[in-house]
Amino acid sequence: MTISKTQRGRAMAAMSLTAALALTATACGDDGSGTGNEGSGKGEITFWDNNGGPRTAIWTEIIKDFEKKYPDIKVKYVPIPIADVQSKYDTAIAGGGLPDVGGVGTAYLANIVSQEALVPVTDRIKESSLNGKLVQTMVDSVKDAGGRGDDLYSVPTSANNGALWYRTDLFEAANLEAPTTWDSFYTAADKLTDAKNNKFGYTIRGGAGSIAQALDASYGQSGITEFWAGDKTTLNDPKNVAALEKYAALFKKTTPAADVNNDFTKMVAQWDTGTIGMLSHNLGSYQDHLKALGAEKFAGIPAPIGAGGTRVQVSNPVDGLGLFRASENKTAAWKFIEFAASHESNSKWNEAAGAIPANTEAAKDPWISKTEPTALAAKALTDGSTKIVQLPYYLPDWNNISKADNEPEFQKLLLGKVTAKQFLDKMADELNTAQKEWKDLGH
């Protein structure tokens, strides 16, 4: 019998939980099974940054501010590369070594919640200075992603949004309008390409993180606004198949051949230093572009508008901070979460990241209107002009299906080894199975 990667992912998650439960009798409280303690509110706590590297500098600054306010608490900062976050948490849940506080995105929140590793923070928020100060749409996203009713299993800190970055200098030289529609996007991709001189219209993400970008392009062009039609996903709807086929055909025609292996770091670096016209990436790379190109050479706009006149995009994960059940000093850990999500810290972090703050006071700060891509993204998400396809982050299998299971398949699609229909059919089958299993558990 052949066991799929998705089945193996479920089995690994189950084994992780079983292993954690088996350790209850002997564990010292640093694995997912221990209940930990509230602690003294002093001493050292450990914080895992779920995007270590790109966000290390701003977290270092916030930690310094926190330790100045709370001199009796020291924060041990551990940067975890974004691609390794879920596996690091799974390993620590099974064998010990979880932090007190960790960055947790909604894309993999359900997986950690299902292993009982996080403490619900709903009541702590109500009794804190954060009560009534968190953007409700982000709160709702975290609730949905956790899959446990009204319980919140992380404190939302930011939301990102996809952006189409384009080189204004190259567009002006080619007498092209901004790529605000999918038609103008494809026209620009073709017109800005001169492969013999290493000039390309677009860079496509073929490495780690490629699936979300591919789904954005599929639903953005098809105009389909719901991820589920009853118990079946719309992912492999013929309109999405046609859209993805057209998008994937850009590879090596109007994109560099190296794109097949590029994750966001390589893709962003390539765009910032080369002569590529357009890049799809979230708001988080704004500072990189600003430093490399200068404000006059690029701009960032929301996803292109489809043929029906509506902008459709898939939902972006909400980032947050989770309090781990095994923490032996939850009082100090919660002080750090509350501080990091407060007005000043949340504003400082999101300005550095180019993201949308979860703190309602931070969301009104002047820097947002001065940062055009962030202001445009916030407007697009609130003025009714954008339809959001809600991805099923609540499925414990979601992160496996949308990453390890199918990123290699997307590379096969780019290389012409599978068709767009075969790619989407495979992923749809896995999602339909995961949805059925989730519902069979009584959800």
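See the structure printed just above.
Undergrad: Sorry if this is basic, but what is going on with the packing of helix α4 (residues 106–114) against helix α6 (residues 136–146) here?
TA: Between two packed helices, what matters for the description is the angle formed by their axes and the separation of those axes. Packing of α4 against α6 leaves a shortest axis separation of 8 Å and a crossing angle of 40 degrees. In terms of axis orientation, α4 runs oblique to α6. The chirality of how α4 crosses α6 is right-handed. For the pair α4 and α6, the contacting residues are T106, L109, A110 and V113 in the first and S141, V142, A145 and G146 in the second. When its residues are assigned to classes, the contact of α4 with α6 shows 5 nonpolar, 3 polar and no charged.

Undergrad: I tried to follow the pattern of salt bridges on my own but got confused; where do I start?
TA: Side chains bearing opposite charge may pair, as long as their charged atoms lie close to each other. Applying the stated criterion across every chain yields a total of 11 salt bridges. Of the charged contacts in the structure, one is a salt bridge between E38 and R124, with a shortest N-O distance of 2.8 Å. Here R124 lies in helix α5 (residues 122–126) and E38 lies in the loop between α1 (5–22) and β1 (43–49), a separation of 86 residues in the sequence. On the basis of relative accessibility, which here comes to 37%, the residue E38 falls in the partly exposed class. Two residues, K348 and D65, come together in a salt bridge whose shortest N-O distance is 2.8 Å. Of this pair, K348 sits in helix α14 (residues 343–353) while D65 sits in helix α2 (residues 56–69), and the two are 283 residues apart along the sequence. Its relative accessible area of 22% is what places K348 among the partly exposed residues. Here D65 falls in the partly exposed class, since its relative accessible area comes to 27%. Members of the salt-bridge network, linked through shared partners, are E61, D65 and K348.

Undergrad: Explain the pairing of strand β2 (residues 73–79) to me, please; I cannot follow it from the model alone.
TA: In regular strands, side chains alternate between the two faces of the sheet. Bridging between β1 and β2 involves 7 bridges; their strand directions are parallel. Note on β2: the bridge partner recorded for I45 is V75. You can see the chain leave β1, run along α2 and come back into β2, and the turn it takes is right-handed.

Undergrad: Can you walk me through the packing of aromatic side chains in this structure?
TA: Each aromatic ring pair is described using two quantities: the centre-to-centre distance and the angle formed by the ring planes. All chains considered together, the criterion is met by 25 aromatic pairs. Measuring from ring centre to ring centre gives 5.5 Å for F66 and F339, while their planes differ by 65 degrees; the resulting arrangement is edge-to-face. Taken together, the residues F66 in helix α2 and F339 in helix α13 (residues 330–340) connect sequence positions 273 residues apart. For the pair shown, F66 and F339 are each scored as buried. Seen from their ring centres, Y394 and W438 are 4.4 Å apart, and the 45 degrees between their planes marks the pair as tilted. With Y394 in the loop between β14 (386–389) and α17 (398–402) and W438 in helix α19 (residues 420–440), this residue pair connects regions lying 44 residues apart in the sequence. Cluster of aromatic residues (ring-pair linked, three or more members): F47, W59, F66, Y70, Y77, F336, F339 and W349. The ring centre of Y186 lies 4.4 Å from the NZ or CZ of K246, which sits over that ring.

Undergrad: Would you mind showing me how to read the side chain of Q213 here?
TA: Residue placement: Q213 occurs in helix α9 (residues 210–222). Q213 sits in the buried class, given a relative accessible area of 10%. When neighbours within four sequence positions are excluded, Q213 is seen to be in contact with Y202, T203, I204, R205, Y247, M267 and S280.

Undergrad: What exactly am I supposed to notice about the packing of α2 against α13 here?
TA: In contact at an axis separation of 11 Å, α2 and α13 are set at 120 degrees when each is read in the N-to-C sense. It follows that α2 is oblique to α13 by the angle criterion. Relative to α13, α2 is oriented so that their crossing is right-handed. Contacts between α2 and α13 involve W59, I62, I63, D65, F66 and K69 on the former and, on the latter, A332, K335, F336, F339 and A340. When the residues that make up the contact of α2 with α13 are grouped by side-chain class, the tally is 8 nonpolar, no polar and 3 charged.

What counts and how
- Residues numbered from 1 in each chain as written.
- Predicted model: local features only at pLDDT ≥ 70, side-chain atom pairs only at ≥ 80, totals over all residues.
- Heavy atoms only, no water.
- Axes fitted to C-alpha atoms, helices over the stretch in contact; angles between N-to-C directions.
- Helix = DSSP H or I, 4+ residues; strand = E, 2+ residues; numbered from the N terminus.
- Parallel < 35°, antiparallel > 145°, perpendicular 65-115°, else oblique.
- Left-handed = near helix turned anticlockwise from the far one by under 90°.
- Contact = heavy atoms within 4.5 Å.
- Nonpolar A, V, L, I, M, F, W, Y, C, P; charged D, E, K, R; others polar.
- Salt bridge = Lys/Arg side-chain N within 4 Å of Asp/Glu carboxyl O.
- Buried < 20%, exposed > 50% of the residue type's maximum accessible area, 1.4 Å probe, protein only.
- Pairing = 2+ DSSP bridges.
- Right-handed = clockwise from strand over helix to strand, strands pointing away.
- Phe/Tyr/Trp six-rings, centres within 6.5 Å; stacked < 30°, edge-to-face > 60°.
- Lys NZ or Arg CZ within 6 Å of the ring centre and 35° of its normal.

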